[in-house]
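Tertiary structure, described
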Amino acid sequence: MAPGFRIEIFATEPHVVDPVEMAFDEFGGVYVAELLDNPHDPPAGQTPLSRIKYLEDTDGDGVIDHHVVFAERLLAVEGLAPWNGGLIVTAAPDILYLKDLDGDRRADQREVLYTGFALTNVEGRVSNPRLGLDNWFYVANHSHPGRIISGRFPDAPAVNVRNREFRFHPVRGLSEASTGDTQFGQSWNQWGHWFISHNTVHLRHTVIPPGYLDRNPLLTVENTEQDVSDHGRPASRVFPVSQPQQWRIDRTAARQARYEREQPGRIERLEGFFTSSSGSTIYLGDSFPEEFVGRAFVGEGAGNLVHCDVLVPDGPTYSASRWPEKSEFLASTDSWFRPVNFSNAPDGNLYVLDYYRQYFEHPDFIPDAVKKRLGMDFRAGDTLGRIYRIVPDSTEAVRSLRASLGSASGAELVATLGHPNGWHRRTAQRLLVERRDTATIALLRHVAAEPADPTARLHALWALEGLDAMDADIVSGALGDLHPAVRESALRLAEPFLPALGDAAIDATRDADPRVALQAALTVGNLPQSAEVIEALGAVLSRNPEDPWFRVAVLSAPSEFAEPLLDWLLEDGTAIFEEVSRPKSVLLRDLAFLIAARFLAPEVGRLLEIASAAEILDLPEYRVAVLEGVAEGFSLHKGRRLTARRVVQAVELLLRDPSEPVRDVAARLAQRVELRSGIRRAILDAANPQLPVDRRLAAIRILRGGLFEDVVEVLDAVLQGPGRTAIRSEAALSIASFPGPAASAVLLAGWRRYDPAVRGAVAESLMRRRDHALALADAIEDGRVQPQLIPAVTRIRLENHPDAEVRVRVAGRLELLVDARDRVVEAHMPTLDLRSDPSRGRGAFERECASCHLRRSTRGRIGPDLSGVSNRSKETLLTSILDPSYSIEDRYRNHLLQTRDGRFLDGILVAESAATVTLRGELEDVTVLKSDVEDIRVSSVSLMPEGLEDSLSDQEIADVIAYLQAGL
C-alpha cells in the first residue's frame, strides 16, 4: 500500500463471486454485479450464470456476512446504477431496469429499456452505466456497432452506435449516440469532467461533450478524447510486485542486452506496462486527505495492482502524474489479484473490486499452442471473489455505510448538495430529479446563487435543469461566477436561452480559463451566423492556433461558418500563419474541406483563387493544405463535376504552378472539374516517357476526370507498355475508375502479359467496383485469370466482398490457395528457438511493419500500437505475425463498404459523423457520404496481410519478436 493507507476486507466468497461492479442505493444498500459468464456465454439453450446480489453487514463490523440474490440468470451483467428505487443494469444485448416491489431484496420488475448492443467478448460489452452531472446516463459501448431500440418507446428511431458510445435521459425518454470510447471504466470528477479507460491507455479525458459534433455532419473527428498520462503514451509503465512471470524476465534480459550495445551504463528495471486497464474512477470521498479528491484510480488486472494519478489542468484538458512516483498505490504479490473496478461509497472510502481469477486474459487472444502447452483453465477461480476497502491509516473505527437520503425531505436533499462526500452530493441531485418535487425549486435557486461552495452550486444548477426549472436569469448569474467550473456549466445551460444570452457567451470566449473558453467556443457555434460570431470564433483560433481541441470546437459550428471563418483568418488573423506548423496546416485544410464539401461553385471558385494568390498564402505548405482540403471535399461527390468557368480556370492555373506539391494536389482536383485543355495536356504528358515519374503519375490521375472514350487509348498504352511499375499500376487504377464492361475488358485483356506487381494492381483495382469484380469473377470462371496469380490479400478481399453475388461467384475457387494459418504457425514454431537479435529485428520491423503500426506524420496508424506488447509471449507474437486474423483488436477491425454506384472500399473505421464515414487504408483516408453508402459491415479478416513468412525469413521473424519483446 502507498504510505498513509491500509486495505481491509469488505466481502469475500460465498457472499461475492467474480465481482465487476458495485453500487450503493440512497439508504447505503450494497448491490454487486457478478460476471460469471466469462470467458464465454453459455451454450444455446442453457441458462446464463451472471447475477446481482444485495450484500448485508448484519453485525456492523464492516464485513459482509449475508447476501440475497437480487437478480439472476442475467447474461454477462457488467454494470449497474441506482435509479428510482431500482437498478439500471447492463447485460448485453440489453439495458434493463430491475426493481424490488415487495421489500424482499429480490427483483420483481424486469423491463428492457434498450436493446441491440453487440454480443462481443466480455472485455468490450455494454457496461458501466454512470449518471452524469447533466442528468444523462452514459453507457460504455467500446464503439461496437449496434442499432439501439427503446423498449419503452418502440416507435422511436433506432440509435446507431457504430464507432460511438451511448447515452439516455431517464426522465425525458431521450437517447442518442455519445462521444468517448470506453472499454471498461468511466467516471466524472467534481467539476463534471469525464475520464475513461481503454485497455493499454489507462486514462483519457473526454474533451468534447456529446451533441456538438452532430450540428456539422460534414466534420470528421477521429477522437474526442485526450490521453492524459505524462508517464507514457499510449501505454504507461507500471511497477508490479507479484512474482515475475517468464515473459517479464525474457523481455528484461533482451532490453538489457540491447542497452549494453547501444546505451552502455543503462540498467533495465523489471517492470511492465498497462495492458488491461479498467475501472477508472475519480475519488470524491471525504475520508482520504483532501488533496486526494479528484485523483484517478485505475486497475491493472494483469499486473495485480492499482494505479493512482494526480490530475492537473493542462489547457482545456488535463495532465496525469503517477502517485507514488516510482511505485503503485496498491500492488499485490498474489498473481490472482485482479482489481477491475472501484466505487466511491457513503462512508467516504474507496472500495476495490477484485475479480480474483487465475487467468485474466480472454482465451480468444491467446494462441492455441500456448493454451495447450499450459493446460489453461480459464474458469479457475470462478467460485472466488473479493471486495476491499481502502482507508487512511489515521482511521480507527469503521465508518457506517448506512445513509438516510432515501427518507430525507426535499429541503434536506438540497442541503446535502454541499456535502463534503461526492457520493452524497450526487445521490441528493439524483433523488431531487427523480422526485420532481417543485417545492424544492426555490431552495435550489438560492443555492445556485450562493457564492460559498462551487460544488453545491453546480449540483443545484443541474438539479434545476433536471426539473425543467432553469431560466435565463439564473444562467446569467452563473455565467459571471467566480469559479471557472460554474461558468463552464453555465455556458452549456445557457444554450436553450440563445440568442438572448449570446453576448455573454461571446464574451466568455475570452475567458482566462481554457476549459471555459473551449466551452464558450462550442456554445457560440449554436448562435446564428453574424459578423460578431465569426469574429469571436476566429479570434479563438488566433489565440489557440496550435491547440487541436479549440480547432474542433470552432469547426463543429455549422458548415456554412467555414467560408467566413477562413476569410476572417486571412484578413484579420494572418499573424498566426507567419510561421509554418502542422496544426495550422490542419486548420486550413479542415476549413477548405468544409467549404469544398458543400460543392457550391461560387464558394469553391473563390477558395481556389485564394489558394492561387501567393500574396495571401505565400507559403507552399499552406497552399497545399488548402488544396488538399478542397480535394478531400471534392472526393465526397463521386460522379459529379463542377463546370463553372471560374473553377475550371483556377484548376488549370494550379496545374501549371511552379510548385510540384501544388501541381500534384491540383491533379486530384482535376478529376472533379470539367477540364478541356487540361485533359488534352494530360494525355500528352501521360504518354511521354521522357517526363519525370511524378509528372506522368499526376497526368494519369488527371485523366480520371476525362471521358472514357477520350482517355482509354493512352491509359491502355501506358498499362501495356514497358514503363515503370508505379506508372503502369496508376494507369490500371485510372481505367478502373470508369464504370462499365469496356473498362474491365481493357484491364483483363493483358492479364497474362502483366508482371506480378502490375497484375496485383490490376486485380486490386478490379475488385473495387461491383461491375469490375463480377467481370473478374467471370474471368476466373472461364480460365482467363488464374486464381494463383491473384495476390493473397486480394483473394481474401474477394472472398469477403460486400456484394453477395461476387462472394458466391468466387466461393470455392480461392480458399484452397491460402495455406491454413494454423499450419503455417505450427510450421514456424522452431523459429522461436533461434538465437535472436533485437537490433536486427528493428530493421526488419521498420521495413515490413512500421508503416502501419507506427503513427504517421499526417494521419494516425492503421494497425494497433505495439509499444505495449512487450509482455506477450513469443508464441503469441508469432501467431499475430503469421495469422493476423486470429485475434483482431476491436478498433482495428477491417470494415467493408459498398457505395450505391458499385464502388468497394475497405479500411479501419476512424471517424463517423451524421453525414460521413471515414475509412483508413494503407495509402489514404477515404471519406464517403452516408447517402452514398449501400452497405457497411465488419470483416472477420484483418487488414494486415497474411503471408509475411514470404517476405520475412525465419531468422528475421525471430529477430522481430525479440525487438517487440524488448520494447519499441
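Up top is the structure.
Residues numbered from 1 in each chain as written. Predicted model: local features only at pLDDT ≥ 70, side-chain atom pairs only at ≥ 80, totals over all residues. Heavy atoms only, no water.

**Points about the overall build of the chain**
- When you go through the chain residue by residue, the secondary structure sums to 32 helices and 34 strands.
- Looking at the chain residue by residue over its 968 residues, the buried ones come to 61%.
- In the chain, of all internal contacts separated by at least 6 residues, the share reaching a separation of at least 24 is 67%.
- As presented, the chain carries roughly 37600 Å² of accessible surface, and 51% of it is formed by carbon and sulfur atoms. (Helix = DSSP H or I, 4+ residues; strand = E, 2+ residues; numbered from the N terminus. Buried < 20%, exposed > 50% of the residue type's maximum accessible area, 1.4 Å probe, protein only. Contact = heavy atoms within 4.5 Å. Areas by Shrake-Rupley, 256 points an atom, 1.4 Å probe, with all protein chains shown as cover.)

**A few points about the nonpolar core**
- Ranked by internal contacts, the top residues of the largest apolar core, which has 201 residues, are I52, I387 and L608.
- Residue contributions to this core peak at 9 residues, all from helix α14 (residues 582–597).
- Among the nonpolar cores identified, the runner-up in size contains 19 residues, and I88, A92, I95 and I148 belong to it. (Core = buried A, V, L, I, M, F, W, Y, C linked by side-chain atoms within 4.5 Å.)

**Looking at the sheet that holds strand β29 (residues 386–392)**
- If you walk across this open sheet you meet the 4 strands as β1-β29-β28-β27, and the pairing is antiparallel. The open sheet terminates on both sides in strands that have one partner only, identified here as β1 (5–12) and β27 (339–344). Neighbouring strand axes in the sheet, compared pairwise and without regard to direction, differ in orientation by 25 degrees on average.
- Strand direction decides the pairing type here: strand β28 (residues 350–354) and β29, joined by 5 bridges, are antiparallel. When the sheet's bridge partners are listed, Y351 is paired in β29 with R389. (Pairing = 2+ DSSP bridges. Axes fitted to C-alpha atoms, helices over the stretch in contact; angles between N-to-C directions.)

**Digging into the pattern of salt bridges**
- Applying the stated criterion across every chain, the model contains 58 salt bridges.
- Close ionic contact of R51 with E34 constitutes a salt bridge, the shortest N to O distance being 2.4 Å. Taken together, the residues R51 in strand β4 (residues 50–56) and E34 in strand β3 (residues 30–34) connect sequence positions 17 residues apart.
- For D507, the salt bridge is made with R510, and the minimal N-O distance between the two is 2.9 Å.
- Put simply, R770, D778, E781, D803, E805 and R809 are held in one network by salt bridges that share partners. (Salt bridge = Lys/Arg side-chain N within 4 Å of Asp/Glu carboxyl O.)

**Thoughts on the sheet that holds strand β34 (residues 933–938)**
- In space, the 5 strands of this open sheet follow the order β33-β32-β31-β30-β34, with antiparallel pairing throughout. Pairing within the sheet leaves two strands with one partner each, and these edge strands are β33 (925–929) and β34. This sheet shows a mean twist of 45 degrees between the axes of neighbouring strands, independent of strand direction.
- As paired elements, strand β31 (residues 904–912) and strand β32 (residues 916–920) share 4 bridges and run antiparallel to each other. Residue pairing across strands places I908 opposite R920, the latter belonging to β32.

**Here's the deal with the pairing of strand β15 (residues 175–178)**
- Examined bridge by bridge, strand β14 (residues 165–168) and β15 share 4 bridges and lie antiparallel to one another. Looking at the pairing, E165 lines up with S178 of β15.
- Remark: 6 residues form the turn of the hairpin made by β14 and β15, two consecutive strands paired antiparallel; G173 in that turn has positive phi of roughly 70 degrees.

**What to know about the packing of aromatic side chains**
- Across all of its chains, the model carries 30 aromatic pairs by this definition.
- Ring centres of F845 and Y963 lie 5.5 Å apart, and the angle between their planes is 50 degrees; on these two criteria the pair is classed as tilted. Of the two residues, F845 sits in helix α29 (residues 838–848) while Y963 sits in helix α32 (residues 954–966), which places them 118 residues apart along the sequence.
- In this structure an aromatic cluster arises from ring pairing among F5, Y283, F288, F292, F297, W323 and F329.
- Across from the ring centre of Y97, 6.0 Å away, lies the NZ or CZ of R152, which sits over that ring.
- Over the face of the ring belonging to W323 we find R295, whose NZ or CZ atom lies 5.3 Å from the ring centre. (Phe/Tyr/Trp six-rings, centres within 6.5 Å; stacked < 30°, edge-to-face > 60°. Lys NZ or Arg CZ within 6 Å of the ring centre and 35° of its normal.)

**Here's the deal with the environment of D513**
- Inspection of the secondary structure puts D513 in the loop between α9 (502–508) and α10 (514–524).
- Considering only alpha carbons, one finds D513 and P484, 29 residues apart in sequence, at a separation of 6.6 Å.
- A distance of 3.0 Å separates a polar atom in the side chain of D513 from the backbone nitrogen of R515. (Polar contact = N/O pair within 3.5 Å; in protein donor to acceptor, adjacent residues only side chain to side chain.)

**Some remarks on a negative patch on the surface**
- There is a patch of like negative charges on the surface, built from D503, E532, E535, E571 and D572.
- Take E571: it is sitting in helix α13 (residues 562–571).
- What makes E571 exposed here is its relative accessible area of 58%. (Patch = residues over 30% accessible without salt bridge, like charges linked within 9 Å, V, L, I, M, F, W, Y side chains within 5 Å. Lys, Arg positive; Asp, Glu negative; His and termini not counted. Charge placed at Lys NZ, Arg CZ, Asp CG, Glu CD.)

**Points about helix α20 (residues 693–702)**
- Among the 10 residues in α20, 7 count as buried, and that is most of the element.
- Along α20, the residues classified as buried are R696, L697, A698, A699, I700, R701 and I702.
- As for α20, its buried residues are in contact with α17 (645–655), α18 (660–670), α19 (677–686), α21 (708–720) and α22 (725–736).

In short, geometric facts, not functional conclusions.
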